Amino acid sequence: MNSGIPLQYFLVLASIMFFAGVYGFLTRRNLITILMSVELILNSVNINFLAFNRYLYPHKLEGMFFSIFIIAVAASEAAVAIAIIINIYRRFTTINVEDVNEMKY
Amino acid sequence: MASNQIMFILFAAMIVVFSILTVTTRKILRAATYLLFVLVSTSGLYFMLNYQFLAAVQLTLYAGGIVVLIIFSILLTSHISQNFESSGWKKNIFSALAAIIGAILSIVTILDYSFSATTQAAQEVDMRLIGKSLLSVEYDGYVLPFEVISVLLLAAMVAAIVIAKKGAPKKTVLPNLNQE
(Lines give C-alpha, C1' and ligand atoms only; values in the text may rest on other atoms or scores of the structure.)
Protein backbone atom coordinates (compact mmCIF):
# COMPACT_ATOMS: atom_id res chain seq x y z
CA MET A 1 0.00 0.00 0.00
CA ASN A 2 2.28 2.75 1.19
CA SER A 3 5.43 0.76 1.95
CA GLY A 4 8.66 2.46 1.01
CA ILE A 5 7.27 5.97 1.35
CA PRO A 6 8.15 7.52 4.69
CA LEU A 7 5.68 9.77 6.45
CA GLN A 8 8.09 12.67 6.18
CA TYR A 9 7.70 12.82 2.39
CA PHE A 10 4.00 13.57 2.73
CA LEU A 11 4.68 16.24 5.34
CA VAL A 12 7.38 17.92 3.24
CA LEU A 13 5.05 17.91 0.22
CA ALA A 14 2.25 19.44 2.27
CA SER A 15 4.50 22.15 3.68
CA ILE A 16 5.72 23.14 0.20
CA MET A 17 2.09 23.43 -0.90
CA PHE A 18 1.20 25.41 2.24
CA PHE A 19 3.93 27.98 1.69
CA ALA A 20 3.10 28.30 -1.99
CA GLY A 21 -0.37 29.25 -0.78
CA VAL A 22 1.07 31.73 1.70
CA TYR A 23 3.15 33.33 -1.05
CA GLY A 24 0.10 33.69 -3.25
CA PHE A 25 -1.94 35.10 -0.39
CA LEU A 26 0.68 37.79 0.22
CA THR A 27 1.40 38.82 -3.36
CA ARG A 28 -1.92 38.56 -5.21
CA ARG A 29 -4.21 41.55 -5.51
CA ASN A 30 -7.19 39.94 -7.16
CA LEU A 31 -9.76 38.66 -4.66
CA ILE A 32 -10.42 35.42 -6.57
CA THR A 33 -6.75 34.46 -6.68
CA ILE A 34 -6.50 35.15 -2.95
CA LEU A 35 -9.39 32.72 -2.49
CA MET A 36 -7.51 30.17 -4.60
CA SER A 37 -4.45 30.52 -2.35
CA VAL A 38 -6.63 29.85 0.69
CA GLU A 39 -7.91 26.68 -0.99
CA LEU A 40 -4.29 25.54 -1.50
CA ILE A 41 -3.55 26.08 2.20
CA LEU A 42 -6.64 24.14 3.32
CA ASN A 43 -5.78 21.30 0.96
CA SER A 44 -2.26 20.95 2.33
CA VAL A 45 -3.67 20.74 5.87
CA ASN A 46 -5.93 17.90 4.69
CA ILE A 47 -2.94 15.97 3.35
CA ASN A 48 -1.24 16.33 6.73
CA PHE A 49 -4.26 15.04 8.63
CA LEU A 50 -4.66 11.98 6.41
CA ALA A 51 -0.97 11.09 6.40
CA PHE A 52 -0.80 11.31 10.20
CA ASN A 53 -3.92 9.21 10.53
CA ARG A 54 -2.70 6.50 8.16
CA TYR A 55 0.85 6.24 9.43
CA LEU A 56 0.65 6.91 13.16
CA TYR A 57 -2.90 5.95 14.20
CA PRO A 58 -4.18 3.49 11.60
CA HIS A 59 -6.70 1.98 14.03
CA LYS A 60 -8.63 5.24 14.39
CA LEU A 61 -10.56 7.57 12.10
CA GLU A 62 -10.12 11.02 13.64
CA GLY A 63 -7.99 12.44 10.84
CA MET A 64 -10.38 11.35 8.15
CA PHE A 65 -13.41 12.91 9.82
CA PHE A 66 -11.49 16.10 10.48
CA SER A 67 -10.66 16.26 6.76
CA ILE A 68 -14.30 15.76 5.84
CA PHE A 69 -15.30 18.66 8.07
CA ILE A 70 -12.51 20.84 6.68
CA ILE A 71 -13.73 20.14 3.15
CA ALA A 72 -17.30 21.09 4.13
CA VAL A 73 -16.13 24.33 5.76
CA ALA A 74 -14.01 25.14 2.69
CA ALA A 75 -16.99 24.61 0.40
CA SER A 76 -19.27 26.91 2.40
CA GLU A 77 -16.49 29.48 2.73
CA ALA A 78 -15.96 29.49 -1.04
CA ALA A 79 -19.69 29.92 -1.68
CA VAL A 80 -20.03 32.90 0.68
CA ALA A 81 -16.75 34.46 -0.47
CA ILE A 82 -17.75 34.28 -4.13
CA ALA A 83 -21.14 35.81 -3.32
CA ILE A 84 -19.37 38.69 -1.58
CA ILE A 85 -16.91 39.06 -4.48
CA ILE A 86 -19.73 39.26 -7.03
CA ASN A 87 -21.48 41.86 -4.90
CA ILE A 88 -18.27 43.89 -4.63
CA TYR A 89 -17.83 43.71 -8.39
CA ARG A 90 -21.36 44.94 -8.91
CA ARG A 91 -20.75 47.93 -6.66
CA PHE A 92 -17.19 48.92 -7.57
CA THR A 93 -16.76 47.21 -10.99
CA THR A 94 -13.40 45.91 -9.83
CA ILE A 95 -12.20 43.14 -7.52
CA ASN A 96 -8.73 44.53 -6.97
CA VAL A 97 -8.17 44.64 -3.21
CA GLU A 98 -6.44 48.00 -3.34
CA ASP A 99 -9.34 49.72 -5.07
CA VAL A 100 -11.91 48.40 -2.63
CA ASN A 101 -11.00 50.33 0.46
CA GLU A 102 -14.19 51.98 1.56
CA MET A 103 -17.17 50.43 3.30
CA LYS A 104 -19.47 53.37 2.74
CA TYR A 105 -21.80 53.15 -0.21
CA MET B 1 11.65 1.08 -7.31
CA ALA B 2 8.15 -0.07 -6.53
CA SER B 3 5.22 1.18 -8.53
CA ASN B 4 3.68 3.03 -5.58
CA GLN B 5 6.88 5.04 -5.16
CA ILE B 6 6.77 6.00 -8.82
CA MET B 7 3.14 7.07 -8.43
CA PHE B 8 3.99 9.09 -5.33
CA ILE B 9 6.84 10.88 -7.11
CA LEU B 10 4.53 11.65 -10.04
CA PHE B 11 1.78 13.09 -7.82
CA ALA B 12 4.25 15.00 -5.67
CA ALA B 13 5.94 16.57 -8.68
CA MET B 14 2.56 17.54 -10.13
CA ILE B 15 1.44 19.09 -6.84
CA VAL B 16 4.65 21.08 -6.33
CA VAL B 17 4.91 22.35 -9.92
CA PHE B 18 1.25 23.26 -10.33
CA SER B 19 0.81 24.84 -6.91
CA ILE B 20 3.77 27.12 -7.59
CA LEU B 21 2.37 27.90 -11.06
CA THR B 22 -1.02 28.67 -9.50
CA VAL B 23 0.40 31.48 -7.41
CA THR B 24 2.82 32.86 -9.99
CA THR B 25 1.01 32.80 -13.34
CA ARG B 26 -0.15 36.06 -14.82
CA LYS B 27 -3.39 34.85 -16.38
CA ILE B 28 -6.26 34.22 -14.00
CA LEU B 29 -8.01 31.43 -15.91
CA ARG B 30 -4.74 29.51 -16.13
CA ALA B 31 -4.35 29.86 -12.37
CA ALA B 32 -7.76 28.21 -11.91
CA THR B 33 -6.79 25.37 -14.26
CA TYR B 34 -3.52 24.76 -12.41
CA LEU B 35 -5.50 24.70 -9.15
CA LEU B 36 -7.68 21.99 -10.69
CA PHE B 37 -4.58 19.89 -11.47
CA VAL B 38 -3.35 20.31 -7.88
CA LEU B 39 -6.67 19.16 -6.44
CA VAL B 40 -6.90 16.13 -8.74
CA SER B 41 -3.39 14.96 -7.87
CA THR B 42 -4.19 15.46 -4.19
CA SER B 43 -7.09 13.06 -4.58
CA GLY B 44 -4.62 10.63 -6.16
CA LEU B 45 -2.58 10.86 -2.97
CA TYR B 46 -5.71 10.05 -0.96
CA PHE B 47 -6.25 6.95 -3.10
CA MET B 48 -2.65 5.95 -2.36
CA LEU B 49 -3.30 6.33 1.37
CA ASN B 50 -6.33 4.02 0.97
CA TYR B 51 -8.99 6.60 1.82
CA GLN B 52 -11.24 5.97 -1.16
CA PHE B 53 -14.27 7.81 0.22
CA LEU B 54 -12.33 10.96 0.94
CA ALA B 55 -10.68 10.85 -2.49
CA ALA B 56 -14.13 10.68 -4.08
CA VAL B 57 -15.31 13.59 -1.93
CA GLN B 58 -12.22 15.55 -2.96
CA LEU B 59 -12.87 14.89 -6.65
CA THR B 60 -16.56 15.77 -6.59
CA LEU B 61 -16.56 18.64 -4.13
CA TYR B 62 -13.24 20.37 -4.73
CA ALA B 63 -12.45 19.56 -8.34
CA GLY B 64 -16.06 19.44 -9.42
CA GLY B 65 -17.69 22.09 -7.26
CA ILE B 66 -15.31 24.73 -6.01
CA VAL B 67 -13.22 24.99 -9.16
CA VAL B 68 -16.33 25.36 -11.32
CA LEU B 69 -17.61 28.04 -8.94
CA ILE B 70 -14.27 29.88 -9.14
CA ILE B 71 -14.18 29.67 -12.94
CA PHE B 72 -17.74 31.00 -13.17
CA SER B 73 -16.91 33.96 -10.96
CA ILE B 74 -13.76 34.61 -13.00
CA LEU B 75 -15.85 34.71 -16.17
CA LEU B 76 -18.31 37.07 -14.48
CA THR B 77 -15.78 39.51 -13.10
CA SER B 78 -12.80 39.78 -15.45
CA HIS B 79 -11.73 39.48 -19.03
CA ILE B 80 -10.14 36.16 -19.89
CA SER B 81 -7.20 37.61 -21.76
CA GLN B 82 -6.48 40.17 -19.09
CA ASN B 83 -3.03 39.96 -17.48
CA PHE B 84 -2.39 41.02 -13.92
CA GLU B 85 -0.12 43.92 -13.42
CA SER B 86 2.63 42.59 -11.20
CA SER B 87 2.65 43.89 -7.67
CA GLY B 88 5.81 45.76 -6.76
CA TRP B 89 9.08 43.85 -6.78
CA LYS B 90 9.65 44.77 -3.14
CA LYS B 91 6.44 43.03 -2.09
CA ASN B 92 7.24 40.02 -4.27
CA ILE B 93 10.73 39.63 -2.87
CA PHE B 94 9.68 39.94 0.76
CA SER B 95 6.77 37.54 0.33
CA ALA B 96 9.03 35.02 -1.40
CA LEU B 97 11.56 35.39 1.40
CA ALA B 98 8.89 34.79 4.05
CA ALA B 99 7.54 31.74 2.22
CA ILE B 100 10.96 30.20 1.52
CA ILE B 101 12.25 30.76 5.05
CA GLY B 102 9.06 29.30 6.52
CA ALA B 103 9.21 26.29 4.21
CA ILE B 104 12.86 25.60 5.02
CA LEU B 105 12.21 25.93 8.74
CA SER B 106 9.26 23.54 8.76
CA ILE B 107 10.96 21.02 6.44
CA VAL B 108 14.07 20.93 8.62
CA THR B 109 11.90 20.43 11.70
CA ILE B 110 9.91 17.63 10.05
CA LEU B 111 13.02 15.78 8.87
CA ASP B 112 14.59 16.16 12.31
CA TYR B 113 11.71 14.71 14.28
CA SER B 114 11.40 10.95 14.66
CA PHE B 115 7.80 9.84 14.45
CA SER B 116 6.86 6.68 16.30
CA ALA B 117 4.08 4.61 14.78
CA THR B 118 1.75 2.38 16.74
CA THR B 119 1.84 -1.35 16.23
CA GLN B 120 -1.94 -1.76 16.24
CA ALA B 121 -3.55 -3.35 13.23
CA ALA B 122 -4.85 -0.98 10.61
CA GLN B 123 -8.59 -0.51 10.35
CA GLU B 124 -10.19 -0.84 6.97
CA VAL B 125 -12.25 2.23 6.10
CA ASP B 126 -15.45 1.23 4.37
CA MET B 127 -18.61 3.19 3.74
CA ARG B 128 -20.63 1.35 6.39
CA LEU B 129 -18.14 2.25 9.10
CA ILE B 130 -18.05 5.92 8.01
CA GLY B 131 -21.83 6.23 8.05
CA LYS B 132 -22.15 4.51 11.40
CA SER B 133 -19.54 6.66 13.09
CA LEU B 134 -20.94 9.86 11.59
CA LEU B 135 -24.33 9.19 13.16
CA SER B 136 -23.30 7.45 16.35
CA VAL B 137 -23.50 9.01 19.81
CA GLU B 138 -21.09 6.49 21.31
CA TYR B 139 -17.49 7.17 22.28
CA ASP B 140 -16.20 7.13 18.69
CA GLY B 141 -19.22 8.92 17.25
CA TYR B 142 -19.23 12.22 15.40
CA VAL B 143 -22.89 13.16 15.51
CA LEU B 144 -22.32 16.58 17.11
CA PRO B 145 -19.84 17.92 14.51
CA PHE B 146 -22.04 16.37 11.83
CA GLU B 147 -25.04 18.38 13.02
CA VAL B 148 -22.97 21.54 13.43
CA ILE B 149 -21.63 21.23 9.91
CA SER B 150 -25.12 20.71 8.51
CA VAL B 151 -26.32 23.90 10.21
CA LEU B 152 -23.24 25.70 8.87
CA LEU B 153 -23.92 24.53 5.32
CA LEU B 154 -27.54 25.68 5.54
CA ALA B 155 -26.47 29.07 6.90
CA ALA B 156 -23.83 29.44 4.18
CA MET B 157 -26.35 28.62 1.47
CA VAL B 158 -28.87 31.15 2.77
CA ALA B 159 -26.13 33.76 3.21
CA ALA B 160 -24.78 33.24 -0.30
CA ILE B 161 -28.23 33.69 -1.82
CA VAL B 162 -29.00 36.78 0.28
CA ILE B 163 -25.66 38.45 -0.42
CA ALA B 164 -25.44 37.70 -4.13
CA LYS B 165 -28.97 38.58 -5.16
CA LYS B 166 -29.66 42.08 -6.34
CA GLY B 167 -30.68 44.52 -3.67
CA ALA B 168 -34.38 45.30 -3.32
CA PRO B 169 -35.51 47.54 -6.17
CA LYS B 170 -36.19 51.10 -5.26
CA LYS B 171 -39.79 51.68 -4.33
CA THR B 172 -41.48 52.82 -7.46
CA VAL B 173 -43.88 55.63 -6.91
CA LEU B 174 -47.28 54.26 -7.70
CA PRO B 175 -49.27 56.49 -9.97
CA ASN B 176 -52.03 58.05 -8.04
CA LEU B 177 -55.15 56.53 -9.48
CA ASN B 178 -57.78 58.69 -7.94
CA GLN B 179 -56.10 61.89 -9.01
CA GLU B 180 -58.98 63.48 -10.72
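Residues numbered from 1 in each chain as written. Chains lettered and ligands numbered in written order. Predicted model: local features only at pLDDT ≥ 70, side-chain atom pairs only at ≥ 80, totals over all residues.

Here the focus is the domain arrangement of chain B. Assigned domains within chain B: domain 1 (1-82), domain 2 (88-113) and domain 3 (126-165). Here the C-alpha centre of domain 3 of chain B lies 36 Å away from the C-alpha centre of domain 2 of chain B. (Domains from an automatic or database assignment.)

An ideal rise of 1.5 Å per residue puts 30 Å on 21 residues; helix α1 (residues 7-27) of chain A measures up with 31 Å between its terminal C-alpha atoms. Of all the 21 residues making up α1(A), 15 are buried; the element is thus mostly covered by neighbouring parts of the structure. (Helix = DSSP H or I, 4+ residues; strand = E, 2+ residues; numbered from the N terminus. Expected span 1.5 Å × (residues − 1). Buried ≥ 20, exposed ≤ 12 C-beta atoms within 10 Å, placed from the backbone.)

Now for the packing of helix α2 (residues 31-56) of chain A against helix α2 (residues 28-48) of chain B. Here α2(A) crosses α2(B) at 10°, and the two axes come no closer than 11 Å. On the basis of the axis angle, α2(A) is roughly parallel to α2(B). Residue-level contacts link I32(A), T33(A), M36(A), E39(A), L40(A), N43(A), I47(A) and L50(A) of α2(A) to I28(B), A31(B), A32(B), L35(B), V38(B), L39(B), T42(B), L45(B) and Y46(B) of α2(B). (Axes fitted to C-alpha atoms, helices over the stretch in contact; angles between N-to-C directions. Parallel < 35°, antiparallel > 145°, perpendicular 65-115°, else oblique. Contact = placed C-beta atoms within 7 Å.)

Here the focus is the nonpolar core. Counting 60 residues, the largest nonpolar core has I32(A), A32(B) and L35(B) as its most contacted members. Listing elements by their share of this core, those giving two or more residues are α1, α2 and α3 (62-92) of chain A together with α1 (3-24), α2, α3 (52-77) and α6 (143-164) of chain B. Sorting elements by how many residues they give to this core places α3(A) first, with 12 residues. Looking at which domains feed residues into this core, each of domain 1 (1-82) and domain 3 (126-165) of chain B gives three or more. In contact with I32(A), not counting residues within four places along its chain, are I85(A), I95(A), I28(B), I70(B), S73(B) and I74(B). (Core = buried A, V, L, I, M, F, W, Y, C linked by C-beta atoms within 7 Å.)

Taken together, the contact between chain A and chain B spans 60 residues of the former and 69 residues of the latter. For the side of chain A that touches chain B, the secondary structure elements donating two or more residues are α1, α2 and α3 of chain A.

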